[in-house]
Amino acid sequence: MKQKGLRYDGSIDKYPITEGEVYCLDNGSRITIADITLELPEFSEKADCVFIDPAGNKGVLKAYYTKAEKECPVQSFDEFVTHIKKCIEQIKPDRLFVECFARNKTQIIKMVESLFPCVKIYNNTYYHSPKNACWIVQGTKQPEDWKLEGMDEWEAVFKICEDVPFKAITDFFLGQGLVAEAAFNAGKVFYGSDMNRNRLAVAINRIAKRGGDWTINK
Ligand SMILES: C[S@@+](CC[C@H](N)C(=O)[O-])C[C@H]1O[C@@H](n2cnc3c(N)ncnc32)[C@H](O)[C@@H]1O
């Protein structure tokens, strides 16, 4: 049968996650398919920490919808940020970390400032290149410095999962699973979702390769 959509590394053949299925680990971690403009998975609300790396602008967002074989329902990037903010308000985490880029930095900082009294901005990079600048915008209830300054996003997420004393972390743009991998590595609970099943399958496979034993609930 011809596979639809971009297949990434083909993990979808091994872990053919479908709408409504929840992949679960013994420690309570969960992964499912969800488009946050429609609804946030209920389990996300159990998290006390959020890390997200959203699309940087409307063009990139549209491309993600195309890759997921879905219609982009939002008319502007501001509208998408409103959806993100609603999700955070629903989760009510103690701590929020949002990775952003030059093109969406202003909107993301504004959003985090509207949700938390203390905001800290770290200068970071992605894909381990100093040419790739990004920022991690942190929202907390008290001032906190988790020493993420200058780190690549990969190491920064692993450090957050090791050092920050959360009970569970959620990423509703989980993609290929950086947050899931980092939380699993630190022995912590994660709740992940994404609208793209092919990308989630990569995340599921990565956790399995690290020794995670998945069961599937409907
Ligand atoms: C920059 S990537 C995140 C990468 C991720 N940190 C990783 O480890 O692969 C953004 C992700 O957001 C997802 N996404 C975009 N719009 C979404 C929406 N409305 N609902 C759910 N997921 C969405 C995309 O499918 C993509 O996987």
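## Some details on helix 7 (residues 197-209)
Here comes step 1: Here helix 7 contains 13 residues, and its C-alpha end-to-end distance of 18 Å stays within 8% of the 18 Å for a straight helix at 1.5 Å per residue.
Here comes step 2: Turning to helix 7, its buried residues are Asn-198, Arg-199, Leu-200, Ala-201, Val-202, Ala-203, Ile-204, Asn-205 and Ile-207.
Here comes step 3: The elements touched by buried residues of helix 7 are helix 1 (11-14), strand 1 (22-24), strand 2 (30-33), helix 2 (58-67), helix 6 (178-185) and strand 8 (189-194).
Here comes step 4: At the N-terminal boundary of helix 7, the capping side chain belongs to Asn-196, with an oxygen 2.9 Å from the backbone nitrogen of Asn-198.

## Observations regarding the environment of Glu-155
Here comes step 1: For Glu-155, the position within the fold is in helix 5 (residues 153-163).
Here comes step 2: Residue classification places Glu-155 among the partly exposed positions, given a relative accessible area of 32%.
Here comes step 3: Taking the C-alpha atoms as reference points, Glu-155 and Lys-85, 70 residues apart in sequence, are found 26 Å from one another.

## Notes on the site of the ligand
Here comes step 1: Near the ligand you find 20 residues, and of these Tyr-65, Gln-176, Leu-178, Asp-194 and Arg-199 are the closest.
Here comes step 2: The separation between an oxygen atom of the ligand and a polar main-chain atom of Leu-178 is 3.0 Å.
Here comes step 3: Asp-194 has a polar side-chain atom sitting 2.7 Å from an oxygen atom of the ligand.
Here comes step 4: Ranked by the residues each element gives to the shell around the ligand, the list is headed by helix 2, at three residues.
Here comes step 5: Residues of the shell around the ligand, tallied by class, amount to eleven nonpolar, five polar and four charged.

## Notes on the packing of aromatic side chains
To describe a pair of aromatic rings, one takes the distance between the centres and the angle between the planes.
Here comes step 1: Throughout the structure, instances matching the rule amount to ten aromatic pairs.
Here comes step 2: Judged by centre distance (6.1 Å) and plane angle (50 degrees), the rings of Phe-77 and Phe-80 are tilted. Within this pair, Phe-77 and its partner Phe-80 are both found in helix 3 (residues 77-91), separated by three residues, close to a single helical turn.
Here comes step 3: Taking relative accessible area as the criterion, Phe-77 reaches 9% and is therefore assigned buried.
Here comes step 4: Residue classification places Phe-80 among the buried residues on the basis of a relative accessible area of 3%.
Here comes step 5: On the basis of an interplanar angle of 90 degrees and a centroid distance of 5.4 Å, the ring pair of Phe-101 and Tyr-126 is categorised as edge-to-face. Highlighted residues: Phe-101 in the loop between strand 4 (95-100) and helix 4 (105-115) and Tyr-126 in the loop between strand 5 (118-125) and strand 6 (133-140), separated in sequence by 25 residues.
Here comes step 6: Look at Phe-101 and you get buried, because its relative accessible area is 10%.
Here comes step 7: Exposure remark for Tyr-126: the relative accessible area of 21% places this residue in the partly exposed category.
Here comes step 8: Joined through ring pairs, the aromatic side chains of Tyr-15, Tyr-23, Phe-190 and Trp-214 make up one cluster.

How each quantity is defined
Residues numbered from 1 in each chain as written. Predicted model: local features only at pLDDT ≥ 70, side-chain atom pairs only at ≥ 80, totals over all residues. Heavy atoms only, no water. Helix = DSSP H or I, 4+ residues; strand = E, 2+ residues; numbered from the N terminus. Expected span 1.5 Å × (residues − 1). Buried < 20%, exposed > 50% of the residue type's maximum accessible area, 1.4 Å probe, protein only. Contact = heavy atoms within 4.5 Å. Polar contact = N/O pair within 3.5 Å; in protein donor to acceptor, adjacent residues only side chain to side chain. Near = heavy atom within 4 Å. Nonpolar A, V, L, I, M, F, W, Y, C, P; charged D, E, K, R; others polar. Phe/Tyr/Trp six-rings, centres within 6.5 Å; stacked < 30°, edge-to-face > 60°.

Distances and angles like these do not, on their own, reveal function.
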